[in-house]
Amino acid sequence: MTIFLAVILGIFFGFALQRVGATNPANIINMLRLTDLHLMKAIFFAIGLSSTLLFVLMNIGVINPGHLSVKSSYVGVIIGGAIMGVGFAVAGYCPGTGLTAIADGRKDALFFLGGGLLGALIYTLVYGSIQNTWLFNKIAGGKVMLATGSDTYQALLPAIPGTLLAAGIGIAFMVIAWILPKKV
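This one's a predicted model, so the numbers in the text were calculated from it and none came from an experiment.

Undergrad: Is there a simple way to explain the side chain of D36 in this structure?
TA: Within the secondary structure, D36 sits in the loop between α2 (25–32) and α3 (38–59). Among the residues examined, D36 registers a relative accessible area of 9% and is labelled buried. Of the polar contacts made by the side chain of D36, one reaches the side chain of K183; its length is 3.4 Å. Setting aside residues up to four positions removed in sequence, D36 forms contacts with N30, M31, K182 and K183.

Undergrad: How do you make sense of the environment of F112 when you look at a structure like this?
TA: Its location among the elements puts F112 in helix α6 (residues 108–130). Using a relative accessible area of 24% as the deciding quantity, one classes F112 as partly exposed. Along the sequence, F112 and N59 sit 53 residues apart, while their C-alpha atoms lie 39 Å from each other. In this view, F112 contacts A91, Y93, C94, P95 and G98; residues no more than four positions away in its chain are not counted.

Undergrad: Hey, could you run me through the nonpolar core in this one?
TA: Generally speaking, soluble globular proteins have nonpolar side chains that are buried together. Judged by nonpolar contacts, L17, A22, I28, M31, L37, L39, M40, F88 and L180 together constitute the single largest core of nine residues. Contributing elements (two or more residues each) for this core: α2 and α3.

Undergrad: I would appreciate a short explanation of α2 in the present structure.
TA: For an α-helix, 3.6 residues make a turn, and residues three or four places apart therefore share a direction. All of the buried residues along α2 are P25, N27, I28, I29 and M31. The first or second residue beyond α2 is L34, which carries a positive phi of 60 degrees.

Undergrad: Looking at this structure, I do not really get a nonpolar patch on the surface. What am I missing?
TA: A surface patch of nonpolar side chains, amounting to about 470 Å² of accessible area, comprises L118, L121, I122, L125 and V126. With respect to the helices and strands, L121 occurs in helix α6.

Undergrad: Would you take a moment to explain the packing of helix α5 (residues 95–103) against α6 for this structure?
TA: Where α5 contacts α6, the two axes come as close as 8 Å, and the packing angle between them is 135 degrees. Considered as vectors, α5 and α6 are oriented oblique to each other. The interaxial crossing formed by α5 with α6 has left-handed handedness. Between α5, through P95, G98, L99, A101 and I102, and α6, the contact on the second element is made entirely by A109, L110, F112 and L113. Class assignment for the residues of the contact of α5 with α6 results in eight nonpolar, one polar and no charged.

Undergrad: Honestly, the pattern of salt bridges in this entry has me stumped. Any pointers?
TA: Two side chains carrying opposite charge are able to pair once their charged atoms lie near each other. For the structure shown, the criterion picks out two salt bridges. For K183, the salt bridge goes to D36, with nearest N and O atoms at 3.4 Å. Of this pair, K183 sits in the segment after α7 (162–179) while D36 sits in the loop between α2 and α3, placing them 147 residues apart in sequence. Accessibility expressed as a relative area gives 57% for K183, which makes it exposed. The partner of D108 in a salt bridge is R106, and the shortest N-O contact between them spans 3.2 Å. Among the residues examined, D108 registers a relative accessible area of 33% and is labelled partly exposed. Judged by its relative accessible area of 29%, R106 falls in the partly exposed class.

Undergrad: Explain the packing of α2 against helix α4 (residues 75–91) to me, please; I cannot follow it from the model alone.
TA: Two packed helices can be described by the angle between their axes and the distance between those axes. Direction vectors running N to C along α2 and α4 enclose 115 degrees, while the axes themselves pass 8 Å from each other. Where α2 abuts α4, its residues P25, I28, I29, M31 and L32 lie against F88, A89, V90 and A91. The residue makeup of the contact of α2 with α4, split by class, is nine nonpolar, no polar and no charged.

The rules behind these values
- Residues numbered from 1 in each chain as written.
- Predicted model: local features only at pLDDT ≥ 70, side-chain atom pairs only at ≥ 80, totals over all residues.
- Heavy atoms only, no water.
- Helix = DSSP H or I, 4+ residues; strand = E, 2+ residues; numbered from the N terminus.
- Buried < 20%, exposed > 50% of the residue type's maximum accessible area, 1.4 Å probe, protein only.
- Polar contact = N/O pair within 3.5 Å; in protein donor to acceptor, adjacent residues only side chain to side chain.
- Contact = heavy atoms within 4.5 Å.
- Core = buried A, V, L, I, M, F, W, Y, C linked by side-chain atoms within 4.5 Å.
- Patch = residues over 30% accessible without salt bridge, like charges linked within 9 Å, V, L, I, M, F, W, Y side chains within 5 Å.
- Areas by Shrake-Rupley, 256 points an atom, 1.4 Å probe, with all protein chains shown as cover.
- Salt bridge = Lys/Arg side-chain N within 4 Å of Asp/Glu carboxyl O.
- Axes fitted to C-alpha atoms, helices over the stretch in contact; angles between N-to-C directions.
- Parallel < 35°, antiparallel > 145°, perpendicular 65-115°, else oblique.
- Left-handed = near helix turned anticlockwise from the far one by under 90°.
- Nonpolar A, V, L, I, M, F, W, Y, C, P; charged D, E, K, R; others polar.

As structure tokens, this is what we get:
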């Protein structure tokens, strides 16, 4: 059932990416250039809505917080994120949009996928020699969240209830999405 749900949610996510134009790298690059913000509006609204819903549904007991999986934060994650960000800006794809673009028939996305697989292979080959280096120093204790709805993870802002903080940030994201112009 879990894999079935993952496939169904992946199909819906891919459909949404295709409908908002995220499978076209020109739209992503124009968003990053701040010349066409329609995609940014969709992303901000989706982040705001989903984070607000997640924490509200956890608060009322629909979602079990024990099902959340927070990955540890390491120094290397910041570096890897910066590398991926450069690739995102140059190629106009991130992993989700790249795979959806392949499904949409874009041949240039195949090169993006090849580059991602090559990067994963290189990381796998060098992992043994870097696993005990500073790249794996934990940030803020490792598994930490800004706010939590769970006792399992440490919150960076423990004095503020997780649902309130997440809803506030989520609503702020949705307001920003509403205020942003489509074109600059």
